[in-house]
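Structural overview
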Amino acid sequence: DSRLYQFQRAGVEHIAARARSLLADDMGLGKTIKALMAIDDGAGTLVVCPAALKYNWQNESQKWRPDLNPVVLSGRGSFSVPEAGEIVITNYDILPTKLTAGQESALADVHVIADEAHLLKSEKTARSKQFAAISKLAAKVSLLTGTPLMNRPPELWAVLSAGGMAEECFKHFGLFYACMGGQRSRYGTDWGTPSPEAAERLRRV
């Protein structure tokens, strides 16, 4: 698309080429646009974002992907799996606690996009558990956030885990711990400087 800058086209290619991807560009560089342009023609897409951003996603999808039909969900119990050519837009707070068998099987053809994915930084929250249950069944998962690591490295592990890509990068938490400079101390864990291997492994997604 001639409307995109070269760096934006690179972001589109990054997402399009991977079944599991993390786009961690800074704010204002067009993560929403890149994700929309990376959706395969005619694919069913589920966008999960904060409630305040749902209509922004609807507006941007109409502008950048007029070939796809955006549907904004509202309220608990409204969850539905997108059909081909549809972008279902929902928020983290109303994700279902349990999927039906039909929804589980239908997700096998869906591209799931999580905006502000740092909201998945704790594996213990219902939000993260519900998103992870969806993402593990999806054909494709793309995480978007300008702050994939907000405070401590385990938050990055949680974000990657929610998107089903932690093991693809690091195999297990022990290797992640070592790559991120984790050291035991009398107070728990001290985090030092990540090794070059950490960056190399993160490039996989």
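To start, this report covers the structure provided alongside it. Treat the numbers as computed from the prediction; the structure is a model and nothing was measured.

Some words on the overall build of the chain
- Along the chain, the regular secondary structure elements total nine helices and eight strands.
- For the chain, whose C-alpha radius of gyration is 17 Å, the value lies close to the compact-globule estimate of 17 Å for 205 residues.
- Along the first, second and third principal axes, the C-alpha set of the chain runs to 55 × 40 × 30 Å.
- Burial status across the chain gives 48% buried among its 205 residues.
- A fraction of 66% describes how many contacts in the chain between residues 6 or more apart in sequence connect residues 24 or more apart.
- Total accessible area on the chain is roughly 10200 Å²; 50% of this is exposed by carbon and sulfur atoms.
- Here the chain contributes 24 positive and 22 negative side-chain charges, whose respective centroids are spaced 6 Å apart.

Details of the sheet that holds strand β2 (residues 44–49)
- Strands sit in the order β1-β6-β5-β2-β4-β3 across an open sheet of six strands; the sheet is parallel. Both edges of this open sheet fall to β1 (20–23) and β3 (69–72), since each of them pairs with a single strand only. Averaged over all pairs of adjacent strands, the angle between strand axes in this sheet comes to 15 degrees, irrespective of strand direction.
- Sheet contacts for helix α1 (residues 6–16): β1, β5 (110–115) and β6 (140–144); angle to β1, the most-contacted strand, approximately 150 degrees.

Considering the pairing of strand β4 (residues 86–91)
- Along β4, six of the six residues are buried, which leaves the element largely enclosed by surrounding structure.
- Because side chains alternate across β4, one face comprises the buried residues Glu86, Val88 and Thr90, and the other comprises Ile87, Ile89 and Asn91, equally buried.
- In the sheet, β2 pairs with β4 via five bridges, with the strands oriented parallel. Bridged to Leu46 within β4 is Val88.

Some points on the nonpolar core
- Ranked by internal contacts, the top residues of the largest apolar core, which has 36 residues, are Leu46, Val112, Phe131, Ile134, Leu143 and Leu160.
- Breaking this core down by element, the ones donating at least two residues are β2, β5, α5 (126–135), β6, α6 (153–162), α7 (166–170) and α8 (173–179).
- What Leu143 contacts, discounting residues up to four positions off in sequence, is Ser21, Leu22, Leu23, Ala114, Ala117, Phe131, Val159, Gly163 and Met165.
- In this structure, Cys49, Trp57, Ile87 and Leu144 belong to the second largest nonpolar core, which totals 20 residues.

Some thoughts on the pairing of β1
- A two-sided burial pattern is seen for β1, the buried positions comprising Arg20 and Leu22 on one face and Ser21 and Leu23 on the other.
- Where β1 and β6 come together, four bridges link them in parallel fashion. Its bridge partner being in β6, Arg20 is matched across the sheet by Val141.

Re the pattern of salt bridges
- Summed over the entire model, instances satisfying the criterion amount to six salt bridges.
- Lys34 is paired through a salt bridge with Asp25; the nearest N and O atoms lie 2.2 Å apart.
- Under the relative-accessibility criterion, Lys34 is labelled buried at 0%.
- Shared partners join several salt bridges into a network, and the residues in it are Asp41, Arg65 and Asp67.

Calculation notes
- Residues numbered from 1 in each chain as written.
- Predicted model: local features only at pLDDT ≥ 70, side-chain atom pairs only at ≥ 80, totals over all residues.
- Heavy atoms only, no water.
- Helix = DSSP H or I, 4+ residues; strand = E, 2+ residues; numbered from the N terminus.
- Rg over C-alpha atoms; globule rule 2.2 N^0.38 Å.
- Buried < 20%, exposed > 50% of the residue type's maximum accessible area, 1.4 Å probe, protein only.
- Contact = heavy atoms within 4.5 Å.
- Areas by Shrake-Rupley, 256 points an atom, 1.4 Å probe, with all protein chains shown as cover.
- Lys, Arg positive; Asp, Glu negative; His and termini not counted.
- Charge placed at Lys NZ, Arg CZ, Asp CG, Glu CD.
- Pairing = 2+ DSSP bridges.
- Axes fitted to C-alpha atoms, helices over the stretch in contact; angles between N-to-C directions.
- Core = buried A, V, L, I, M, F, W, Y, C linked by side-chain atoms within 4.5 Å.
- Salt bridge = Lys/Arg side-chain N within 4 Å of Asp/Glu carboxyl O.

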